[in-house]
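Coordinate analysis (summary)
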Amino acid sequence: MTQAENNAVMYEVKDGVAKLVMQSAPVNALSRALRMGLIDGVTNALQDDSVSTIVITSSLPIFSGGADISEFSGGDLSPMLPEVLDKIEHASKPVVAVLPGPAFGGGLELALACHHRITFASNKVGLPEVNLGILPGAGGTQRLPRLVDAQTALTMIVTGKPTPVTKLPGVFDKISETPESLLADTRDYLSSLNGSNAIKRTCDITLSMDEKTQAVFDAVTQQTQKTTKGFYAPLKCIEAVRGAYTLAFEDGLKNESKLFLACMATPQARAQQHFFFAERAAGHVNDFDKSTPERAINRVAIIGAGTMGGGIAMNFANAGIPVTLLELKEEALEKGLALIRKNYENSAKKGKLTQAQVEARMSLLSGTTAYEDLADVDLVIEAVFEKMEVKKAVFSTLDSVCKPGAILASNTSTLDIDEIATATSRPEDVIGLHFFSPANVMKLLEVVKAEKTAPDVIKTCMKMAKKIRKVAVLVGVCFGFVGNRMIEPYGREANRLLLEGASPEQVDRVLTEFGMPMGPFTMGDMAGLDIGYYVRQSRQEHISHDPAYGAVADRLVEMGRNGLKSGRGAYQYEPGSRVPIPDPEVLDIAKKEAHRLGVKQRSDISDEEILVRVMFTLINEGACILEEGIAAKSSDIDVIYVYGYGFPVYRGGPMQYADEVGLGTILDKLVTYRDQLGDYGDMWLQPSDLLISLAKDGGTFKHYQK
Ligand code: T1G
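Keep in mind the model is a prediction, meaning the values are calculated, not measured.

Each value, and the rule that gives it
- Every residue gets a number counted from 1 within its own chain, in the order that chain's sequence is written.
- Totals for whole chains, interfaces and linings use every residue, but because this is a predicted model, local features are given only for residues with pLDDT of at least 70 and side-chain atom pairs only at 80 or more, for both listing and counting.
- Neither water nor hydrogens contribute to the side-chain values; these are computed over all heavy atoms in the structure.
- Stacked, edge-to-face and tilted labels apply to pairs of Phe, Tyr and Trp rings (six-membered ring for Trp) whose centres lie within 6.5 Å, assigned for plane angles under 30 degrees, over 60, and everything in between, in that order.
- Strands here are runs of E lasting at least two residues and helices are runs of H or I lasting at least four, both read from the DSSP assignment and numbered beginning at the N terminus.
- Residue burial is assigned from relative accessible area. The probe radius is 1.4 Å, only protein chains are included, and a residue is buried under 20% of its type maximum, exposed over 50%, and partly exposed in between.
- In this analysis the charged atom, NZ for Lys or CZ for Arg, is taken to sit over a ring once it is within 6 Å of the ring centre and within 35 degrees of the ring normal.
- Comment: axis = line fitted to C-alpha atoms, over the contacting stretch for helices; angle = value between 0 and 180 degrees taken between N-to-C directions.
- Here is the rule for angles: anything less than 35 degrees is roughly parallel, anything more than 145 is roughly antiparallel, 65 through 115 is roughly perpendicular, and the remaining ranges are oblique.
- Whether two residues are in contact is decided by their heavy atoms: any pair within 4.5 Å suffices.
- Each residue is assigned to one class: nonpolar for Ala, Val, Leu, Ile, Met, Phe, Trp, Tyr, Cys and Pro, charged for Asp, Glu, Lys and Arg, and polar for all the others, Gly among them.
- Where each domain begins and ends is defined by an automated method or by a domain database.
- Accessible-area loss on putting two parts together, using a 1.4 Å probe and summing over both, is the definition of buried area adopted here.
- Salt bridge criterion: a side-chain nitrogen from Lys or Arg within 4 Å of a carboxyl oxygen from Asp or Glu.
- Polar contacts, as counted here, are pairs of nitrogen or oxygen atoms within 3.5 Å of one another; within protein the pair requires one atom able to donate a hydrogen and one able to accept it, and residues that are adjacent in sequence qualify only if both atoms are side-chain atoms.
- Whether two strands pair depends on DSSP finding at least two bridges between them.
- Here a residue is considered near a molecule or strand provided that any single heavy atom belonging to it is located within 4 Å of it.
- UniProt positions are given in the numbering used here, feature names are shortened, and annotations may be inferred rather than shown by experiment.
- Working definition of a nonpolar core: buried Ala, Val, Leu, Ile, Met, Phe, Trp, Tyr and Cys residues. They are joined through side-chain atoms within 4.5 Å.
- Think of it as the arc spanned by the lines of direction from the helix axis to the C-beta atoms.
- Counted charges follow a simple rule, with Lys and Arg positive, Asp and Glu negative, and His plus the chain ends left uncounted.
- If the strands point away from the viewer and the path from the first strand over the helix to the second runs clockwise, then the crossover is right-handed.

As a further point, take the packing of aromatic side chains. Tallied over the full model, the rule gives eleven aromatic pairs. Taking 4.8 Å as the distance between ring centres and 75° as the angle between the ring planes, the aromatic pair formed by phenylalanine 231 and tyrosine 650 counts as edge-to-face. Here phenylalanine 231 is found in the loop between helix H8 (211–227) and helix H9 (233–246), whereas its partner tyrosine 650 is found in the loop between helix H26 (634–645) and helix H27 (654–661), with 419 residues between them in sequence. Pairing phenylalanine 276 with phenylalanine 277 gives two aromatic rings, centres 5.0 Å apart and planes at 85°, and the pair type is edge-to-face. Residue phenylalanine 276 is classed as partly exposed on the basis of its relative accessible area of 25%. Above the face of the phenylalanine 479 ring, arginine 539 is positioned so that its terminal group lies 3.8 Å from the ring centre. Across from the ring centre of phenylalanine 514, 4.2 Å away, lies the NZ or CZ of arginine 651, which sits over that ring.

Bringing the packing of helix H25 (residues 607–628) against helix H30 (residues 689–697) into the picture now. It is at 7 Å that the axes of H25 and H30 come closest, and there the two elements cross at 95°. It follows from the interaxial angle that H25 and H30 lie roughly perpendicular. Along its contact with H25, which presents Asn620, Ala623, Leu626 and Glu627, the element H30 presents Asp689, Leu690 and Leu691. Taken together, the residues of the contact of H25 with H30 sort by class into four nonpolar, one polar and two charged.

Glancing now at the domain arrangement of the chain. Its domain assignment divides the chain into domain 1 (2–120 + 173–205), domain 2 (300–439), domain 3 (478–603) and domain 4 (606–706). Summarising the inter-unit geometry, the C-alpha centres of domain 3 and domain 4 are found 21 Å apart. Between domain 3 and domain 4, the residue contacts involve 32 residues of the former and 33 residues of the latter. Carbon and sulfur atoms make up 67% of the area that domain 3 and domain 4 hide from each other, which totals about 2,900 Å². Linking domain 3 with domain 4 are six salt bridges, by the criterion used here. Put simply, aspartate 607 and arginine 509 hold a salt bridge, and the shortest N to O gap is 2.9 Å. Counting across the interface, domain 3 meets domain 4 through 15 residue pairs in polar contact (both at pLDDT 80 or more). With twelve residues, helix H18 (residues 483–499) is the largest single contributor of residues to the side of domain 3 that touches domain 4.

Taken in spatial order, the eight strands line up as E12-E11-E10-E13-E14-E15-E16-E17 in an open sheet, and their pairing is mixed. Since the sheet does not close on itself, it has two edges, and those belong to strand E12 (365–368) and strand E17 (471–475), each with one partner. Between one strand axis and the next, the sheet turns by 25° as a mean value, whatever way the strands run. Pairing geometry for strand E10 (residues 300–303) and strand E13 (residues 379–382), over four bridges, is parallel. Looking at E13, one finds that alanine 301 is bridged to valine 380.

Quick look at the site of the ligand now. Residues in contact with the ligand amount to 26 residues; listed here are only the nearest, Ala67, Gly106, Glu109, Glu129 and Arg280. In the environment of the ligand, an oxygen atom lies 2.9 Å from a nitrogen or oxygen atom belonging to the backbone of alanine 67. One nitrogen or oxygen atom from the main chain of glycine 137 is found 2.9 Å from an oxygen atom belonging to the ligand. The element that contributes the greatest number of residues to the shell around the ligand is helix H11 (residues 267–281), accounting for three residues. Residues belonging to the shell around the ligand are distributed by class as follows: 16 nonpolar, six polar and four charged.

Moving on to the UniProt feature "domain: 3-hydroxyacyl-CoA dehydrogenase NAD binding" (unreviewed entry) in the chain. Cross-referencing UniProt, the feature "domain: 3-hydroxyacyl-CoA dehydrogenase NAD binding" (unreviewed entry) maps to residues 300–476 in the present numbering. Strand forms 20% of residues 300–476 and helix 41%; the C-alpha atoms that close the span are 24 Å apart.

The next thing to look at is the nonpolar core. Counting 105 residues, the largest nonpolar core has Leu374, Leu398, Val482, Leu511, Met615, Ile619 and Phe701 as its most contacted members. With eleven residues, H25 is the single largest residue contributor to this core. In this structure, leucine 398 is in contact with Ile303, Tyr371, Leu374, Val380, Leu408 and Arg426, ignoring residues within four places of it in sequence. One finds Val9, Ile39, Val51 and Ala113 within the second-largest nonpolar core, a separate group that totals 65 residues.

Next up on the list: the UniProt feature "domain: 3-hydroxyacyl-CoA dehydrogenase C-terminal" (unreviewed entry) in the chain. As annotated by UniProt and renumbered to match this structure, "domain: 3-hydroxyacyl-CoA dehydrogenase C-terminal" (unreviewed entry) occupies residues 480–573 and 611–696. Split by type, residues 480–573 is 62% helix and 0% strand. Its first and last C-alpha atoms lie 30 Å apart. Strand forms 0% of residues 611–696 and helix 78%; the C-alpha atoms that close the span are 23 Å apart.

Another point: the pattern of salt bridges. Scanning all chains against the criterion turns up 46 salt bridges. The partner of arginine 561 in a salt bridge is aspartate 583, with the nearest N and O atoms 2.6 Å apart. Residue arginine 561 is located in the loop between helix H23 (551–558) and helix H24 (584–597), and its partner aspartate 583 is located in the loop between H23 and H24; the two are separated by 22 residues in the primary sequence. By the burial criterion, arginine 561 is buried, and aspartate 583 matches it. Residues joined by salt bridges that share partners form a network here, namely Glu488, Arg492, Glu493, Arg496, Glu500, Arg602, Asp604, Glu609 and Arg613.

What follows is about the sheet that holds strand E3 (residues 53–58). The six strands are arranged E1-E2-E3-E4-E6-E9 in an open sheet whose pairing can be described as mixed. What marks the edges here is a single partner per strand, and that holds for strand E1 (9–14) and strand E9 (174–176). With direction set aside, neighbouring strand axes in the sheet form an average angle of 20°. Alignment of E1 against strand E2 (residues 17–22), held across six bridges, turns out to be antiparallel. In the sheet register, glutamate 12 faces E2, and the bridge partner there is lysine 19.

So, about helix H21 (residues 529–538). An α-helix turns once per 3.6 residues; consequently, residues spaced three or four apart project the same way. Regarding H21, the residues found buried are Leu529, Asp530, Tyr533 and Arg536. In a view along the axis of H21, the buried residues occupy a sector of 120°, so they form one face of it. Where H21 is buried, its residues touch helix H20 (520–527), helix H22 (540–543) and H23.

To continue, consider the side chain of glutamate 327. Mapped onto the fold, glutamate 327 is located in the loop between strand E11 (323–326) and helix H13 (330–349). Look at glutamate 327: it is buried, it has no salt bridge, and the nearest opposite charge is lysine 329 at 7.0 Å. Within the structure, glutamate 327 has its side chain in polar contact with the backbone nitrogen of alanine 305 (distance 2.8 Å). In contact with glutamate 327, other than residues within four places in its own chain, are Gly304, Ala305, Gly306, Ala332, Leu333, Thr368 and Thr369.

With eight of eight residues buried, helix H3 (residues 106–113) is to be regarded as a mostly interior element. Of the residues making up H3, those classed as buried are Gly106, Gly107, Leu108, Glu109, Leu110, Ala111, Leu112 and Ala113.

This next bit is on the pairing of E11. The two faces of a sheet get side chains in turn, since along a regular strand they alternate between them. By the alternation rule, side chains of E11 split into Val323 and Leu325 and Thr324 and Leu326, which are all buried. In this sheet, E11 lies alongside E10 in parallel orientation, the contact comprising four bridges. Counterpart to isoleucine 303 in the pairing with E11 is leucine 326. Note that the unit made of E10, helix H12 (residues 307–318) and E11 has a crossover that is right-handed. Pairing between E11 and E12: four bridges, direction parallel. Along E12, the bridge assignment pairs threonine 324 with serine 366.

If you want it as structure tokens, here you go:
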């Protein structure tokens, strides 16, 4: 491909400077075309006697987002990025990287291979490869430590977090005060280059593993072992960086490459790279297109200033959108606003907010006890008591008060949005916005489209979610939508296993070893066992055929053991402590209930049985949800579970995990325990039609389209 044909990199020579301008929207992902453009450009510049200096920069507001992740699945990848960077670093003319925006991953590695680096003060750079289950594979673990201290290099590479360039003076030769002054400063810098200082190679810097550096490695290793339990790549990152201090540069590169390939070959890397695209694909929906208008959201109201309502309100205030909270009682309103202020003040105490930011956010919050004050809001989100009658009354009032075109949303976690919409004369303006608690912290937002919800309302809510820094997933109406519908079998089987003789701590251990942040019983105690109790009471028509359904949990609630908030639930808790302590009394209750209900207890319940019955039934429900079209694609379910329920991202989400295990295996194990469990298995462990058909054809959830 000639330079002229390669439109990923524009090449021009002027006044002795050869400029290679990367222009591959949206992020200059270092695709094969772009790598060829760079190598061709550098080759041309080195052969051109009129060229004294080479500049590599970007015409986009980003230098480069790194290697093209979509290429990881294979194909002809020559020239590989390390080869391109080696040519740059050993060029016989000075190569200067000018960063007009962030540089991540291979993008920063590209800059590190240049001889000089220039950017502006508010810019950020990073090596986020660890978030993809891998590590910097184009010299980042060898060049960065040669330019910054060990702690900084290790922190950047092991956490993957972006770092302000002002914290990396050793990396940049010139940091302009503003983006606007970058051009002039670059011109001055280029004219300052002369024979003696023109070529400085990072690879020529030598390091050694002295005592102080060893102590840093020991501390970072210890910290990483604690904070990245279950992850494979973080510790490999440390091993690769260690090579910068113990090996010659070329050997350090070889060591990095070996560790990179080891990481790339893991299911964790496949899972985290799947998740990178899954999170972005959630925003690609067929319910609207570029021509669908968006409604302006300039003023928002929240009905209910409780924990959820207050948390939801904070999201909008954080995004600079004025928000009014409505409570019918002055006292409840004051309490709600005070709780919001307390949350902000706590953030200020932790240094996450300045006092000025707290006041700015609080100034965007107002309260009222009168619905009439909501006449001109653009979006109302109801967050009142989870009872259909209560919600319909609220929506009927909103229908009469709010202006035409106002979007009326419910934060319900399970109830039927279609039914709520019947309480209004404008069902096309009604939608579900299911926030997860704590609403100002959790990134997930289930956007629930009802039968009559208008496309522009869906589009407005999906776009608004991004503005309030939420990851929105569009779902359909059914009990519990996607997340809570799938958590039902997860909890049901955990409770049934308790009845059959397993202990809460055994079940929880199996799920935490799987990678869940906590097991179902610890989660239930945290949320409050009474929540599940009321849901079961409201769902009798669906569970009354199984008299043992949730039996032990019901007894616990009837005994006032609601979980953490009452000091006892499935576990017991010391006053003021959240540490679950096994409680033999719970096993006695289970034994009595099993006897009363004629359920035979067993002492041989295996960890495998627990995982299959708790996690594979959750996956099976996900298959039903896909089959019914409640979720448009399996990756949406993965996004919901990672962001809403703490499913380990190194497994990619429940549906990615199932694809990785193999749907045939999932089906076989489900059927095995269904058959072992007799009537109970027939009742609750029937595999979905979709799981059966995909397993038969060797298919995957990932490639299933309804
Ligand atoms: N490769 C391929 N596609 C990418 C991409 C990448 N590196 N980065 C972004 N995209 C796509 C993304 O899927 C989306 O597509 C569109 O660009 C806009 O992205 C050798 C091996 C750069 C901070 O991990 O963090 O280098 O959905 O919505 O919010 O050591 O993208 O529009 O079809 O996220 O402005 C390391 C990943 C790679 C950075 C921009 N680099 N990207 O955020 O836009 S591995 C990363 C990001 C590597 C080397 C190793 C963000 C961003 P679509 P976006 P944004």
